[in-house]
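One-letter residues, chain by chain:
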Amino acid sequence: MRQIPATVWRLTIAFALMMSGTSMMVLIAGIIGTEFAPTVNLATLPIALTIVGVACSTLPTGKLLGRYGRKPVFLSYAILAMGGGLLATASLVIDSFLLFCIAALVIGWAAAAGHQYRFAALEAVPPQLAYKATSVLLMGGILGAFIGPELAVRGRLLLETEYAGSYLFLVAAYFAGLLIISGYKDEHDVNHRHTGQGRALLKILAAPQIRLAVAAAALAYAVMSFIMTATPISMHNHSGHSLEATKFVIQSHIAAMYLPSLFFSWFFARLGFKGMFWTGILIYILCLSVALIDTQLLNYWVSLVLLGIGWNFLFLSGTNLLPQGYQPEERFRVQSMNDFLVFSVQATVALSSGWFLAQLGWQGLLLSCIPLLLTFTVMLWVWRRALIPPVALTHS
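Since this is a predicted model, take the numbers as computed values, not measurements.

Student: Explain empty space enclosed by the protein residue by residue, including any values.
Tutor: Scanning the model with the defined rule gives 4 cavities of 30 Å³ or more in all. In this structure, the largest cavity encloses a volume near 270 Å³. What lines the largest cavity is a set of 23 residues, and nearest its centre among them are T22, V26, Y221, M228 and Q346. Where the lining of the largest cavity is concerned, the elements lending two or more residues are α1 (6–36), α2 (45–68), α4 (97–115), α6 (130–154), α10 (208–238), α11 (243–258) and α14 (331–367). Broken down by element, the residue count for the lining of the largest cavity peaks at 5 residues, all from α1. Taken together, the residues of the lining of the largest cavity sort by class into 15 nonpolar, 8 polar and no charged.

In structure tokens, the structure reads:
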């Protein structure tokens, strides 16, 4: 880890603060939605709109990155995130579900810049350290897993309106991230921002490596978001578990999403892309099996931890496979298109999660994930020859 430059550590802390908004929304947005949404089917709409905001933002963000570079976009989006937090506070005070949904969309839009931090970390180090840089960056997700829910709980009764203070705390977290990212420098932007456009995007997306990378990340987010979005409502509202217990499960889940990143190089050296993908699928199957058994706290906790680990194996492998299918001058277009496709899938399942939970219940929702796993399994089998065999990574 001593070879990881300060830029990556700066990005890691800023990533944690930016992603704290997402973890806060996961914990309390659905609970808030049950209180003043027009119908219970729309309870998860604010969470879904956060993801829709990310999906809608990816392509415009890619164009802005290509024109202005990373730092100006990172700073602008941090300010936008602060505005989203203030808007959420105001919506709760005036009891406007519509305004809260708009705030969720803004928070999601700004989060698209946070998701670009992982690519900035990859580009800040030599190729042999790329896996370690990604691992370090995603450690910020562990911090974000605790920061967001803690801000939500501690700010819950800060103001007269419940949870309004939570979003004021979130604004403060975004501001701290703004200060940290203001010291970010990336010479790579200067060197490549105005280079040629490269190949046509459709030609790039035709490469099996690109398709598998996008599919792996999309599956990771689809299954994870589908279950995670419904968990707070299923736990707190349907199964009667306390908000503290629900917070603990969500924090554990998000920590499990990022903690395996510390060991990604070790796993990848032994499993390669094929092994990582198959292991991710197996972990998702175990997650569904545990969750289907019962709705006790232990079942929720174990299944959500497994859900986070499975996400890590699939998403991180997809992220590291993606750059092997494009040239440096194509990076912003491919990265933004990748995120657009991935988060569009995530937004779709998140939007439908509340409906599935209301109509089919917790077990019905879990069983609905099986077709997604089967689809990726077929893709992995068809394109298995496109994957690079296990390689020995540098452990220095």
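Student: Which residues make up a nonpolar patch on the surface, and what values go with them?
Tutor: A cluster of nonpolar side chains, contributed by L86, L158, L159 and L168, occupies part of the molecular surface with about 320 Å² of accessible area. On the accessibility criterion, L158 (46% relative accessible area) is partly exposed.

Student: For the packing of aromatic side chains, give the residues involved together with the corresponding values.
Tutor: What describes a pair of aromatic rings is the distance from one ring centre to the other and the angle between the planes of the rings. Applying the stated criterion across every chain, the model contains 17 aromatic pairs. Judged by centre distance (5.7 Å) and plane angle (45°), the rings of F74 and Y184 are tilted. Taken together, the residues F74 in helix α3 (residues 70–93) and Y184 in the loop between α7 (164–181) and α8 (187–192) connect sequence positions 110 residues apart. Comparing F74 with Y184, the two get one shared label, buried. Summarising the aromatic geometry, the rings of F100 and Y167 are spaced 5.9 Å apart at their centres and angled 85° between planes, so their arrangement reads as edge-to-face. Residue F100 is located in helix α4, and its partner Y167 is located in helix α7; the two are separated by 67 residues in the primary sequence. With respect to class, F100 is no different from Y167; both count as buried. Feature note: the residues F15, F74, Y117 and Y184 constitute an aromatic cluster, connected by ring pairs.

Student: Help me get a handle on the packing of α10 against α11, residues and values and all.
Tutor: Between α10 and α11, the shortest axis-to-axis distance is 9 Å and the interhelical angle comes to 165°. In this view, α10 runs roughly antiparallel relative to α11, as classed from their interaxial angle. Crossing handedness for the pair α10 and α11: right-handed. Two secondary-structure elements touch here, α10 through M224, M228, T231, P232, M235 and H236 and α11 through L243, A245, T246, V249, I250, H253 and M257. Of the residues assigned to the contact of α10 with α11, the class counts are 9 nonpolar, 4 polar and no charged.

Student: Outline α11, listing residues and values.
Tutor: Taking 1.5 Å as the rise per residue, α11 with 16 residues should run 22 Å; its terminal C-alpha atoms sit 23 Å apart, in good agreement. Among the 16 residues of α11, 14 are classified as buried, and the element is accordingly described as predominantly covered.

Student: How would you summarise α10 if you had to cite specific residues and measurements?
Tutor: For α10, spanning 31 residues, the distance from its first C-alpha to its last is 43 Å, which sits close to the expected 45 Å at 1.5 Å a residue. In α10, a bend of some 35° at A230 exceeds every other bend along the element, and P232, a proline, comes one to four places later. By the criterion of burial, α10 is predominantly enclosed, with 25 of the 31 residues buried. Positive backbone phi, at 80°, marks G240, one or two positions downstream of α10.

Calculation rules
Residues numbered from 1 in each chain as written. Predicted model: local features only at pLDDT ≥ 70, side-chain atom pairs only at ≥ 80, totals over all residues. Heavy atoms only, no water. 1 Å grid on protein atoms, 1.4 Å probe; cavity = no way out; pocket = protein on both sides within 12 Å on 5 of 7 lines; lining within 4 Å. Points joined across faces, edges and corners; volume = space filled by probe spheres on them. Helix = DSSP H or I, 4+ residues; strand = E, 2+ residues; numbered from the N terminus. Nonpolar A, V, L, I, M, F, W, Y, C, P; charged D, E, K, R; others polar. Patch = residues over 30% accessible without salt bridge, like charges linked within 9 Å, V, L, I, M, F, W, Y side chains within 5 Å. Areas by Shrake-Rupley, 256 points an atom, 1.4 Å probe, with all protein chains shown as cover. Salt bridge = Lys/Arg side-chain N within 4 Å of Asp/Glu carboxyl O. Buried < 20%, exposed > 50% of the residue type's maximum accessible area, 1.4 Å probe, protein only. Phe/Tyr/Trp six-rings, centres within 6.5 Å; stacked < 30°, edge-to-face > 60°. Axes fitted to C-alpha atoms, helices over the stretch in contact; angles between N-to-C directions. Parallel < 35°, antiparallel > 145°, perpendicular 65-115°, else oblique. Left-handed = near helix turned anticlockwise from the far one by under 90°. Contact = heavy atoms within 4.5 Å. Expected span 1.5 Å × (residues − 1). Bend = angle between axes of the 7 residues up to and from the residue.

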